[in-house]
Each structure stands twice: as structure tokens, then as C-alpha cells.
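Residues per chain, in single letters:
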Amino acid sequence: PARTTAEWQAADSAHYLHPFTDFKGLANKGSRVITRADNIYLWDSEGHKILDAMSGLWCVNVGYGQQALIDAAAAQMKELPFYNSFFQTAHPPAIELAELLSQITPPQFKHVFFSGSGSEGNDTVVRMVRRYWDVLGQPQRQIIISRKNAYHGSTMAGASLGGMAGMHAQGGLPIPGISHIDQPYWVEHGRGMRRDEFGELAASWLEARILNLGAENVAAFIGEPIQGAGGVIIPPASYWPEVQRICDQYGILLVSDEVITGFGRTGRWFGCETMGFRPDLMTFAKGVTSGYVPLGGVMVGDRVAKVLIEQGGEFEHGYTYSGHPVACAVALANIRLIREQRLVERVHDDVGPYLAKAYETLREHPLVGDAETCGLMGALLLVKDKARGTPFPAELEIGMVCRGHCFGNGLIMRAVGDRMIIAPPL
Ligand code: PXG
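Residues numbered from 1 in each chain as written. Predicted model: local features only at pLDDT ≥ 70, side-chain atom pairs only at ≥ 80, totals over all residues. Heavy atoms only, no water.

Asker: What should I look at first to understand the site of the ligand in this one?
Answerer: In the vicinity of the ligand lie 16 residues, with Trp58, Gly118, Ser119, Asp257 and Arg414 positioned nearest. Contact between the ligand and serine 119: an oxygen atom at 2.5 Å from a side-chain N or O atom of the residue. Computed on the free molecule, the ligand has an accessible area of 540 Å², of which 83% lies beneath the protein chains in the complex. No other element matches the three residues that helix 6 (residues 118-135) contributes to the shell around the ligand. (Near = heavy atom within 4 Å. Polar contact = N/O pair within 3.5 Å; in protein donor to acceptor, adjacent residues only side chain to side chain. Areas by Shrake-Rupley, 256 points an atom, 1.4 Å probe, with all protein chains shown as cover. Helix = DSSP H or I, 4+ residues; strand = E, 2+ residues; numbered from the N terminus.)

Here it is in C-alpha cells:
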């Protein structure tokens, strides 16, 4: 028989250390226990039905309960539940997924390196870009430029690439050779400027840092096309094309972290297509399987692939679950479903414009200082004084207050500071 909520909570706090959690604080309060899901809804152990406007954790792009994904997992578990790709072996699901990914990603991508998550994917990025420059005889090109308030994962390399001050304060981070510039957040840095002007200004911070470090020491720039965990920060349209121009000018590799923006989220298959740039490497995870099973990886563009394949020798890197057959089988079913249901077109032509229009009406609300969306990512900025743009006092934790009201009314949104964010299933 199922346990009561109180019994679940007692066992939870006795044994389970949750990610990004004040363990004692949660133990005193008790966690909300989610027991099942269907389509865009979750149910908790009290029987409450909740609309999941965060797609789990930015990942359940096709929604819950998709039979094709469930069947793909079961069939693959029966056929070949595990085998590795290390010592000159391969298996059909990983080969087929690599092939399919090369079809749905931008044309420079014909190769993929699989990992188990987005964090691991970004660890692969760090190893791979540094290896690329080593092989080309420029081993001093070590530094990767990233941004403050970026999120690139929670492993040593992922958290170092990320620009979260709280994460850097624990565990001896960041690792050497990572340099952070300011984020392209108009509210923080650009008020009073035109958005396109601000986009160019924010991109110029990259150029300034490159010149400051010496271009010959810079390996790559990495960014999320739209920052997710940082609060759905949508850069001005002028930002990414200018970042691209700067990377090209100094020969620096450009890496797009598509862990959130991939697989239709922004109304194109990948966020770099929406934002208009052409990355050399692309990290993915989450939406590749719609979160049904863990999978991540790095799309490797021709420029890097050619060097590593033709001149690189052995690349001394890989994970037990690189190309896990069950994960790859689910990813195949997921991508085919996104294609069949035309979900990317649907976000672009239908639900994305609908959300944008609905958010325009929220702009009128006295507490909403800004409302913006891109595809099915949206953010509302809560302000105390709309005319002046004055924020609420930090100690009020206004985002958490709003989030509490949402939960109480059967809606999951996430609060990032004073920004209320959503990323619903497509
Ligand atoms: N890159 C990006 C852009 C991400 O959003 C990762 C890498 C790391 O992926 P893994 O699979 O290792 O978690 C992420 C993950 C939040 C939140 O609070 C966001 C993520 C993870 C946990 C919480 O919004 N994104």
C-alpha cells in the first residue's frame, strides 16, 4: 500500500539529500511528494493536480505519458539493456541517434560525443576545446570565456563555466582557465539604452576581455542562447551575431549550450538558429529524451571534428554511459515524435505567438515591470513601483511569495530572484 505523505516525508528527510537544498530547512518543512504525471499535469501524494509549467526541469518537451517513448525504452531493455562504445564496439541505437542528430542540427554538425547529462557534456566541451588547440600546436590557448549568472551544470567544470557566485563559493571553484564577463541583461546593465545598442555593448565586453587576456590565450567562448536558470534572460537580437563576428575575428571557438534551448524550446530545433549564430560545438541534454531517461552530449562541428579525427590520435575521455542504448532508443523515439507532431513548427507558429500575446497583456499588471518570451520560455519581472522600475526589498523574497501563490493554485512556475519564469511542455 502507498505510504501517507507524512510517512514519505519522514523517510525522505531521514535518508535523501536533495540537490541545491538546505537539508535541515527542508527536513523541518517536508518536501512535496510528486507521485504521477500525465500530459502537462502532475499529481502529488495529497492528490492535488498541478499544471507543470516548468516541464519537470526544462526537459519534458513532449509532455508526460508518451507511449512511444515508454515502448522504446522497454523494447531496448529487452534487446540490449547495456553495452558500451569504448573498445571498438558500437550498437544500433547510438549509431542511429548520431545519424539522426546530424540531420536535425545545423549543417556544420556531422558528429556527436555522448554523455549522461548536460554537466558531463560541458566537461567534454572543456576537454575537447583544449585538446583541439593542443593538437593544433597552440597549447597556451586554454582560457574559456563564459558569463556571470550563466548555468552550465554542477560538476567541477560545469560549475566553473557557470557564473553562479553561490556555487563558486563552495568546493574550490572555479577551476583555472575560466574567465567570466557580464551577462547581456538589459534590466541590470542596459536601462535607458535602446535594446539593439545594448546588445552590441554587451557583446563588446567579450572583445574587451579577449584583448585583455591576449587572443592567443583564448580557446573558446561558451553561452546559453537564452540563459535559463539565470532567469530566462533573452538577449537583444543584436547580441549573438556580434558575438559570432568577434569569435570569428579572433579565431576563437564558439560553443552554444543548448541544454535548455535545444529540441524546439525556442521555436526552432536549436536556440542558435533562433538567435542567428553558427556554433562550433553545441551541448545538449534534457529535451533530447524529454527527460524520460538521462542523456546528454556535444555536437561537434566540422572545424573541430576534422582536427580531432585526422590529427588527434586517441581522445582520452568518455563515460560508462556515453551512448547508453536505452537512452539513445528513447531519444530516437522522442525526436521522431517531435517531428511527427510538428512540435517545433507548433512552437514557432502557434503556441509561441500565443504565449507572447498573453504575456503582453500581463505587462499591464501593476506589479509586472517587464514581460518577455521566446518560443516557450517566458519571464515576468516583479517590481514594487512600475513607473520607476523599483524592485521589492530583497528580504521579502517576492519571487518565492509569488511562487507560493502559484503552487497553492495548482501551477508550477520557478522564481529566480524577482523573475517568475516558465518553460512548459511544447
Ligand atoms: N547547461 C544548461 C544550460 C543547463 O540549463 C546544464 C547545463 C546541466 O545539465 P545537467 O543535466 O547536468 O543538470 C543545465 C541544467 C534551474 C535548473 O534551477 C536548471 C538546470 C539544472 C537544475 C536546475 O533552473 N539546468
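On we go.
Asker: Would you mind showing me how to read the sheet that holds strand 2 (residues 41-44) here?
Answerer: Sheets are built from strands that pair by backbone hydrogen bonding, the pairs being arranged parallel or antiparallel. Ordered by their spatial adjacency, four strands build an open sheet running 1-2-3-13, and the pairing between neighbours is mixed. Strands with a single pairing partner mark the edges of an open sheet, and in this sheet they are strand 1 (34-38) and strand 13 (411-412). (Pairing = 2+ DSSP bridges.)

Asker: When you look at the packing of aromatic side chains in this model, what are you seeing that I'm missing?
Answerer: The geometry of an aromatic ring pair is captured by the separation of the ring centres together with the interplanar angle, meaning the angle of the planes. All told, the structure shown has twelve aromatic pairs when counted by the stated rule. Relative to phenylalanine 315, the ring of phenylalanine 113 lies with its centre 5.8 Å away and its plane at 80°, an arrangement referred to as edge-to-face. Taken together, the residues phenylalanine 113 in strand 4 (residues 109-115) and phenylalanine 315 in the loop between helix 13 (302-311) and helix 14 (325-340) connect sequence positions 202 residues apart. Judged by relative accessible area, which is 22%, phenylalanine 315 ranks as partly exposed. On the numbers, 6.2 Å between centres and 70° between planes, the contact of phenylalanine 263 with phenylalanine 284 is edge-to-face. Taken together, the positions of phenylalanine 263 in the loop between strand 8 (253-257) and helix 12 (271-275) and phenylalanine 284 in strand 9 (residues 281-284) put the pair 21 residues apart, joining distant regions of the chain. Since its relative accessible area comes to 1%, phenylalanine 263 is described here as buried. We classify phenylalanine 284 as buried; its relative accessible area is 2%. These aromatic residues form a ring-pair network of at least three members: Phe221, Tyr239, Trp240 and Phe277. It is arginine 36 that lies over the ring of tryptophan 43; its NZ or CZ is 4.1 Å from the centre. Note that lysine 49 overlies the ring of tyrosine 41, its terminal NZ or CZ placed 4.2 Å from the centroid. (Phe/Tyr/Trp six-rings, centres within 6.5 Å; stacked < 30°, edge-to-face > 60°. Buried < 20%, exposed > 50% of the residue type's maximum accessible area, 1.4 Å probe, protein only. Lys NZ or Arg CZ within 6 Å of the ring centre and 35° of its normal.)

Asker: It is not clear to me how the side chain of threonine 266 should be interpreted in this structure. Could you clarify?
Answerer: Locating threonine 266 in the fold gives a position in the loop between strand 8 and helix 12. Overall, threonine 266 belongs to the buried group, its relative accessible area being 6%. Among the polar contacts listed, one links the side chain of threonine 266 to the side chain of threonine 274, at a separation of 2.6 Å. Discounting residues that sit within four places of it in the chain, threonine 266 has contacts with Ile226, Thr261, Gly271, Thr274, Val347, Cys374, Gly375 and Met377. (Contact = heavy atoms within 4.5 Å.)

Asker: Honestly, helix 11 (residues 239-250) in this entry has me stumped. Any pointers?
Answerer: Think of an α-helix as 3.6 residues a turn; residues three or four steps apart then line up on the same face. For helix 11, built from twelve residues, the straight-helix expectation of 16 Å at 1.5 Å per residue is met to within 8% by its first-to-last C-alpha distance of 17 Å. Of the positions making up helix 11, those classed as buried are Tyr239, Trp240, Val243, Gln244, Ile246, Cys247 and Tyr250. Down the axis of helix 11, the sector holding all buried residues measures 165°, keeping them to one side. Where helix 11 is buried, its residues meet strand 5 (143-147), helix 10 (195-213), strand 7 (218-223), strand 8 and helix 12. Of the residues trailing helix 11, glycine 251 is marked for its positive phi of about 70°. (Expected span 1.5 Å × (residues − 1). Arc of directions from axis to C-beta.)

Asker: Mind showing me how you'd approach the side chain of glutamate 372 here?
Answerer: Mapped onto the elements, glutamate 372 comes out in strand 11 (residues 368-374). Assessed through its relative accessible area of 14%, glutamate 372 is described here as buried. Here the side chain of glutamate 372 touches arginine 419 through a polar contact of 3.0 Å, side chain to side chain. Beyond its immediate sequence surroundings of up to four residues, glutamate 372 is in contact with Arg195, Val232, Ile234, Tyr359, Met377, Gly378, Ala379 and Arg419.

Asker: What is the right way to read the packing of helix 4 (residues 67-79) against helix 14 from this model?
Answerer: When two helices pack together, their arrangement is given by the angle between the helix axes and by the axis-to-axis distance. Between helix 4 and helix 14, the shortest axis-to-axis distance is 8 Å and the interhelical angle comes to 150°. By the angle between their directions, the pair helix 4 and helix 14 is classed as roughly antiparallel. The two elements helix 4 and helix 14 meet at a crossing, and its hand is right-handed. Facing Ala68, Leu69, Ala72, Ala73, Gln76 and Met77 of helix 4, the residues of helix 14 in contact are Pro325, Val326, Ala329, Val330, Ala333, Asn334 and Leu337. For the contact of helix 4 with helix 14, the per-class residue count stands at eleven nonpolar, two polar and no charged. (Axes fitted to C-alpha atoms, helices over the stretch in contact; angles between N-to-C directions. Parallel < 35°, antiparallel > 145°, perpendicular 65-115°, else oblique. Left-handed = near helix turned anticlockwise from the far one by under 90°. Nonpolar A, V, L, I, M, F, W, Y, C, P; charged D, E, K, R; others polar.)

Asker: Where do I start with the pairing of strand 5 in this structure?
Answerer: The side chains of a regular strand alternate, first on one face of the sheet and then on the other. Among the five residues in strand 5, five count as buried, and that is most of the element. Burial of the side chains of strand 5 extends over both faces: Ile143, Ile145 and Arg147 are buried on one face and Ile144 and Ser146 on the other. Where strand 5 meets strand 7, three bridges bridge the pair, whose relative direction is parallel. The residue of strand 7 that forms the bridge with isoleucine 145 is phenylalanine 221. Inspection of the sheet shows strand 5 paired to strand 6 (residues 178-181) by four bridges, in the parallel sense. Within the sheet, the bridge partner assigned to isoleucine 144 lies in strand 6 and is isoleucine 178.

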